[in-house]
Amino acid sequence: MERCAARGAPEEERRVRANAREYNEKFQYASNCIKTSKYNIVTFLPVNLFEQFQEVANTYFLFLLILQLIPQISSLSWFTTIVPLVLVLTITAVKDATDDYFRHKSDNQVNNRQSQVLIGGVLRQEQWMNVRVGDIIKLENNQFVAADLLLLCSSEPHGLCYVETAELDGETNMKVRQATPVTSELADISTLARFDGEVICEPPNNKLDKFGGTLYWKENKFPLSNQNMLLRGCVLRNTEWCFGLVVFAGPDTKLMQNSGRTKFKRTSIDRLMNTLVLWIFGFLVCMGVILAIGNAIWEHEVGVCFQIYLPWDEGVHSAVFSGFLSFWSYIIILNTVVPISLYVSVEVIRLGHSYFINWDKKMYCAKRRTPAEARTTTLNEELGQVEYIFSDKTGTLTQNIMVFSKCSVNGHSYGDVQDVLGHNVELGERPEPVDFSFNPLADPGFQFWDPSLLEAVQLGDPHVHEFFRLLSLCHTVMSEEKSEGELYYKAQSPDEGALVTAARNFGFVFRSRTPKTITVHELGRAITYQLLAILDFNNIRKRMSVIVRSPEGKIRLYCKGADTILLERLHPSNQDLTNVTTDHLNEYAGEGLRTLVLACKDLEESYYEDWAERLRRASGAPEAREDRLARLYDEVERDMTLLGATAIEDKLQQGVPETIAILTLANIKIWVLTGDKQAPGSPCAETAVNIGYSCKMLTDDMTEVFVVTGHTVLEVREELRKAREKMMDGSRSMGNGFSYQEKLSSSKLTSVLEAIAGEYALVINGHSLAHALEADMEVEFLETACACKAVICCRVTPLQKAQVVELVKKYKKAVTLAIGDGANDVSMIKTAHIGVGISGQEGIQAVLASDYSFSQFKFLQRLLLVHGRWSYLRMCKFLCYFFYKNFAFTMVHFWFGFFCGFSAQTVYDQYFITLYNIVYTSLPVLAMGVFDQDVPEQRSMEYPKLYEPGQLNLLFNKREFFICIAQGIYTSVLMFFIPYGVFADATRDDGAQLADYQSFAVTVATSLVIVVSVQIGLDTGFWTAINHFFIWGSLAAYFAILFAMHSDGLFQMFPNQFRFVGNAQNTLAQPTVWLTIALTTVVCIMPVVAFRFLKLDLKPELSDTVRYTQLVRKKQKPQHRCARRGGCGGGSRRSGYAFSHQEGFGELIMSGKNMRLSSLALSGFTARPGAAWIETLRRKKGGESSPDTAAKG
C-alpha cells in the first residue's frame, strides 16, 4: 500500500501527544490520505510500458520489429509486426488506465470525506486526508470512524460507545468500547483543547483484536487496550457523539494494514503460455539454424556459379555471412508460429467471458439489486480449475441472524409442526406462524411455528413459565425504549438477542435494568427482581448465571450454558429428564442448531449471605483473583434443576448446503476459515462445528471429526499425530481383498494419507493453528488437513487466513479460491489465485480487493461449474486450434526453403501473411472461444464431475500442445508437398505449364484457408448464427480480397504493389487446382475425423456421454434429483452448544457504567439482514504434488 506522505524508518514504538502537531510531525507519521492507485499522469506511460514489456511475448515481438527494420535481413515489411504490437499495447494500456481511474476516483471519495477536528480550541470541518496523528476529532452517530482513535469521551455514561464492525469482520452486532476513566469526564471543548496526554503504544500492525499501550497524563500512567480503541472502518451507533485521539492514520490503520499488497495474478495457462513461447522461440532458432546452414552450403556449392546474374547483396562477401543473414531473415519469416494476434484474441475472449458473468441474470440478487461482477478479465479460465475453496463464515455462509427455532421444556420438544398423522410438516407446507397479537410488547419480526408452546404459556404451565423467566433474566442485554412499548434490545451477541426476544414474544418481556435490578413484564404484570450477582461467561466455564431475589424474597440462581458442562452439574434426581432432554439435544444438533441447556437452583438466605461475603473478598483479592472467583462460581452452580434447552438457528444464506454439496461432488475441497468471535471467551470450535453440520460440510456419517485445540507446539503436534494414526488405522482394514500396503503401492502415492478409507473432518483453533503453521510443522498439518473431507479453522487472524491459503498454494500446486465479505478476509482474498467478495450489507472492503463479486454464496456454484468450466474449455480449444493453424501456416515456409536455395523467399505474398491472422482466421476462432460449449448450463450443474478435467488440466497442457503442433506440422507437409507434386507435371487447359510461383502460392494459400476453416467447423461444439457467419464469411472475405488484389483496378492504382494481374482468376479456373485443393483438404482432415470417431466410440469422455444422454432424453421431461435430508446417525452424541458472548460484560452491568442517566432517543438500532481415467490421473497428480515431495524439493 502506497502512502500519500513520505515515511521514516520502521517504528519500534509510537509516541503521540494530543493537540501537538509540531511535536508529532517530527516522527514523520503517515497522513490520513490513502492511495491505492498505481499511476499518475506523468508516470503512466513509462511505468505501464515497463510492466507490459515484462511479458515475454511483448519483448519477443519488439525484438522482431527491430529485426524487420534492418533492410539486409528483412524479407517482410515492418508494418506486419508494428501494427498488431501497437494495437496490443494500446488496448492493454487503455484497460489499465481505466482500472486506475476508478482507483483514483475511489481514493478521492474517501480522502475528501469530512470530519470535525479540534484545532486551536475550535471544531473545524476538515477533509479526512488532512487529519493528522495527534488530532482530536469528534464523531457523531452513524458516522464512519476516520482513523484509528483512542476513545477519550462520549455522550454515554462512563465514556461508553457502541460501534458496528461490519466493515472489519462482517459482523453486524454491536460492540462496546469504553474510554479510560481519567478521560471520560473530558466532555467539553475547552477541557479537550487543553488535554496534552501522551500515548506510547505498539507500532502499526494488522491485529484487529489486540492493542497495547499506555497513556501518560498528569504524571500518571494508565494502561490502554483494544477496548479503548475505535478502528477506522467502524461505524458509530446508538451514541450521539464521541471524541477520539488519532493514534494511527491512513495506511497505518489496522484496516489498511489488513488490506495487504495487491498481487498481480496470472492464470496457470498464462504461465504455461510463457513457457511455450520460450520453447517455440527455441524451435524457431533451431529451424533458423538449419536453414542458415543450408543457405551457407547452397551458396558455397551452387550459388557461387550464378554470381553473374544473382550477385550477393552489398556487404556480403562469403557464404558463411550469407548464411548468418539468412538466419535472421528466417527468424522474421517464421515468427508467425506465435503471432501477436494470439494475445489480442486471448484478451478479447476473456473480456467476452467477463461480460457473460456480468450479464448473468441467474446471478443477480433482486433483493439487494446487486449483479455479479467480474472485476478482472484475466482469471476467467482459472475459475474452471479450482481445487480448494477457502471461505469465511459470518456474512459469507451465514447471514449472522440468529433465530429462536426450537426448545425442550420439561422433556417436551417444541418447534416442529405436525400434521394429523403426527408427521413433521415441511416449512413450505406450514400454516401461518403463531399469533402474538395478545402481547402489545411483542416483536413483530419474531416468528415461531408451533402454537403448542404459546398454549402452554397461556395455560399457566409452571415449567414453561420458569423457562422463559430464565431467558428474560439470565443475560447481559440492554433495553432502550424510544416511546411507550417500543423496545429496542442492545445485545452484544445475536444469540442473546434471539433468546431474550423469544421470551419477550411469549409474554416474559425484559423491560429495563439498573445495576441492581431487572424489571420484567410477565404476561402483562411488571415484576422487578433484585439482581444480586452475575456469574459471567467465559470459554472455560461455557456458561453464565445470574442470582436474583424475587419480590417474594426467594433467592434463585438461573444458569444457561453448554450441555457438556451443565448436564454434569444437575441434581441426581434429574436423571430421567436429562435422558429425554439429551435426545432432544441430539436431534437439534443433528439439524445444525446452536444449543444451550437451562437450569436453576434455589438458594438459602444464610448460604447466599456467606457465599456473597466470600465473593466480595475474592473480588478484591490482589492475587489469584480469577482462580478464586472460578472456585466460588463452581461451588454455587451445582445440584441444579434442569429446565430445558434452547435451539437457535444461525441462519445460513439461501442455498449454502446445496452449493457446498454440489461443489464437493465436483471434487472441490472447501475449508472454512472464520475469524469472528475473537474475544477470549468465545467458544468458536462449537460454533464452527455447528455451522459445519448445518451447511452439510460435516455429516453424522463421517468416521470422525478431529478437534485440535492444543495451546503448545507439543500438544498440537501430538493431536495431529493422533489424528493421522486414527486415519491410518481405519485404512488398514478397508477390505475388498486388498491390504493397506497393497492399496498404497497400487496407487503409487508418496503420501500415506492419500490412501485412507473413510471420511474425516478437522476443526482447529486459531491458537493451535499458529503452532501448526510453523515451518517445522506445516507439512504435517497440511497432510492431515488434506486427508480430511472438510477443514474448519476458527478464531483465526486475517494473517493466518492468508498463511493457510499460501500453504496450500506452496505444497499442493492447486488452484485456490478465497471468498469472504469483510476487511478481515482481504489478505486471504488477495493471496488466493482467485478472490471473490460477497457484496451487500457488510461493507465493501472485500469487494474492492476481489476479482469477482456477487451477493450470495450460492452463486459460486454457477460461477465455477458454468462460467468457469466454459471459460476453461473455450480457452483450451482456442489455444489448441490457434497453435495448430499457425504451425500449419508457418511450416510451409520451412519446407519451401529446401526448394528455393534457402533464400528466405516466402511462399505467400506479404498481404496474405499480414491478413491471415487478422482477417482470414481470426473471427471464427474468436467465435469458438467466446460462444462454444460442450454441454448446456443445466447439464453442467447436474453433472459436477464434468468439472474435473479442468482441475487435472487435461484440455491444454504440454502434451496437448505437442499434439497440436504435430497436427500443424503434418498439415503443413501435405499442404506443401501435394501441390508441389501436382504442379511438377501439371499443365493448364491450353497445354501450358501450370507451375509458376504465384499460381503455386494461390493454391497453397487457398488450401490452407479451406483446411483450417473445416477444422474449426469440426472443433466447434455449439453452433450459433455468429459461428456460421464468421466461418463462411471469413472464407468469402478471403476469396473477395484475393480476387481484388489480382484485379486491374488495384494494379492501375498501385502498379508496384499489385503486379500479378488476373493470376488468381486464371489459377482457380483450372480444374486441376481445385482437385489439388480437394485432395489436400481430405488428406488433412480425414485422419482427424477417424481418430475422433474411434475415440468417441471406444473411450468417450463424460461430456460425450452427457451429450448422448441429452439426445436420448430430448423428448422426456427433465428429471430433477432431490437431495435427501440426512437424519442423525447412531454414533456418539455431539454437542450442539454454541454461544457467541464476550467475557466481562456482566461486570460492566453490575458496575452500572453502561446505564443511561436519561432516556435518549436512539435511531437505527436494528440488526441488518445481513470416470476411472480421471481418478487415475488425479492420483498421479496428487502423488506428484504431495507436501512430502515439495518439501524435499
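Here, the structure is the one placed above.
Nothing here was measured: the structure is a model prediction, and the numbers come from that model.

Draft legend 1. How the structure looks around the environment of Ile978. Here Ile978 lies in helix 32 (residues 958–985). As a C-alpha pair, Ile978 and Thr1080 span 102 residues in sequence and 6.6 Å in three-dimensional space. Those residues within four positions of Ile978 in sequence are excluded, and the remaining contacts are Val973, Thr1076, Leu1079, Thr1080 and Val1083.

Draft legend 2. Local environment of the sheet that holds strand 29 (residues 669–674). A sheet is described by the order of its strands in space; here nine strands give the open sequence 16-35-34-33-17-29-32-31-30, paired in mixed fashion. Strands at the two margins of the open sheet, each flanked by one partner only, are strand 16 (373–374) and strand 30 (704–708). Bridge count between strand 33 (residues 815–820) and strand 34 (residues 834–838): four bridges; the pairing is parallel. Bridge assignment links Ala818 to a residue of strand 34, and that residue is Gly835.

Draft legend 3. View of the packing of aromatic side chains. By the definition in use, this model includes 62 aromatic pairs. An angle of 75° between the planes, with centres 5.2 Å apart, marks the rings of Phe898 and Phe902 as edge-to-face. The exposure class of Phe902 is buried, given its relative accessible area of 11%. Both rings, one in Phe976 and one in Phe977, keep their centres 4.9 Å apart while their planes meet at 90°; by these two values the pair is edge-to-face. Given a relative accessible area of 0%, Phe976 falls into the buried group. Residue classification places Phe977 among the partly exposed positions, given a relative accessible area of 35%. A cation sits over an aromatic face here: Arg17 above Tyr23, 3.9 Å from the ring centre. A cation sits over an aromatic face here: Lys885 above Phe882, 4.1 Å from the ring centre.

Draft legend 4. Broad picture of the nonpolar core. Grouped together as the largest cluster of nonpolar side chains are 99 residues, with contacts concentrated most on Leu342, Tyr908 and Phe912. Of the residues forming this core, the biggest block, 18 residues, is contributed by helix 27 (residues 859–897). Residues within four places of Leu342 in sequence aside, it is in contact with Met273, Phe878, Leu879, Phe882 and Phe883. With 53 residues, the next largest nonpolar core counts Phe404, Val409, Leu473 and Met544 among its residues.

Draft legend 5. Broad picture of the sheet that holds strand 6 (residues 136–140). The sheet built from six strands is open, its strands ordered 5-4-6-15-7-13 with antiparallel pairing. The sheet is open, and its two edges are formed by strand 5 (122–127) and strand 13 (229–230), each paired on a single side. One ladder, built from five bridges, connects strand 6 with strand 15 (residues 241–248); its direction is antiparallel. Looking across to strand 15, one finds that Leu139 is bridged to Cys242.

Draft legend 6. The arrangement of empty space enclosed by the protein in detail. By volume, the second largest cavity amounts to about 80 Å³. As for the second largest cavity, its lining consists of Tyr908, Asp909, Phe912, Tyr920, Gln998, Ala1001, Val1002, Ala1005, Tyr1038, Leu1042, Met1045 and His1046. For the lining of the second largest cavity, the secondary structure elements donating two or more residues are helix 28 (910–920), helix 33 (997–1019) and helix 34 (1025–1045). Per-element tally for the lining of the second largest cavity: the top contributor is helix 33, with four residues. Its residues assigned to classes, the lining of the second largest cavity shows nine nonpolar, two polar and one charged.

Draft legend 7. How the structure looks around helix 11 (residues 451–458). Of the residues making up helix 11, those classed as buried are Leu453, Leu454, Ala456 and Val457. Axial view of helix 11: buried residues confined to an arc of 155°, hence all on one face. Of the surrounding secondary structure, the elements contacted by the buried residues of helix 11 are strand 18 (398–409), strand 19 (412–414), helix 12 (462–473) and strand 22 (508–513). Gly460 sits one or two residues past helix 11 and shows a positive phi near 80°.

Draft legend 8. The pairing of strand 12 (residues 220–224), seen in detail. Across five bridges, strand 11 (residues 213–217) lies against strand 12 in antiparallel orientation. When the bridges of strand 12 are listed, Leu215 appears paired with Phe222. Connecting strand 11 to the antiparallel partner strand 12 that follows it, the hairpin turn spans two residues, and Lys218 within it adopts a positive phi of roughly 55°.

Draft legend 9. Region of interest: the packing of helix 32 against helix 33. The contact between helix 32 and helix 33 brings their axes to 10 Å, and the two run at 145°. Handedness of the helix 32/helix 33 crossing: right-handed. Two secondary-structure elements touch here, helix 32 through Gln967, Thr971, Met975, Phe976, Pro979, Tyr980 and Phe983 and helix 33 through Ser999, Phe1000, Thr1003, Val1004, Ser1007, Leu1008, Val1011 and Gln1015. Residues of the contact of helix 32 with helix 33, tallied by class, amount to nine nonpolar, six polar and no charged.

How each quantity is defined
- Residues numbered from 1 in each chain as written.
- Predicted model: local features only at pLDDT ≥ 70, side-chain atom pairs only at ≥ 80, totals over all residues.
- Heavy atoms only, no water.
- Helix = DSSP H or I, 4+ residues; strand = E, 2+ residues; numbered from the N terminus.
- Contact = heavy atoms within 4.5 Å.
- Pairing = 2+ DSSP bridges.
- Phe/Tyr/Trp six-rings, centres within 6.5 Å; stacked < 30°, edge-to-face > 60°.
- Buried < 20%, exposed > 50% of the residue type's maximum accessible area, 1.4 Å probe, protein only.
- Lys NZ or Arg CZ within 6 Å of the ring centre and 35° of its normal.
- Core = buried A, V, L, I, M, F, W, Y, C linked by side-chain atoms within 4.5 Å.
- 1 Å grid on protein atoms, 1.4 Å probe; cavity = no way out; pocket = protein on both sides within 12 Å on 5 of 7 lines; lining within 4 Å.
- Points joined across faces, edges and corners; volume = space filled by probe spheres on them.
- Nonpolar A, V, L, I, M, F, W, Y, C, P; charged D, E, K, R; others polar.
- Arc of directions from axis to C-beta.
- Axes fitted to C-alpha atoms, helices over the stretch in contact; angles between N-to-C directions.
- Left-handed = near helix turned anticlockwise from the far one by under 90°.

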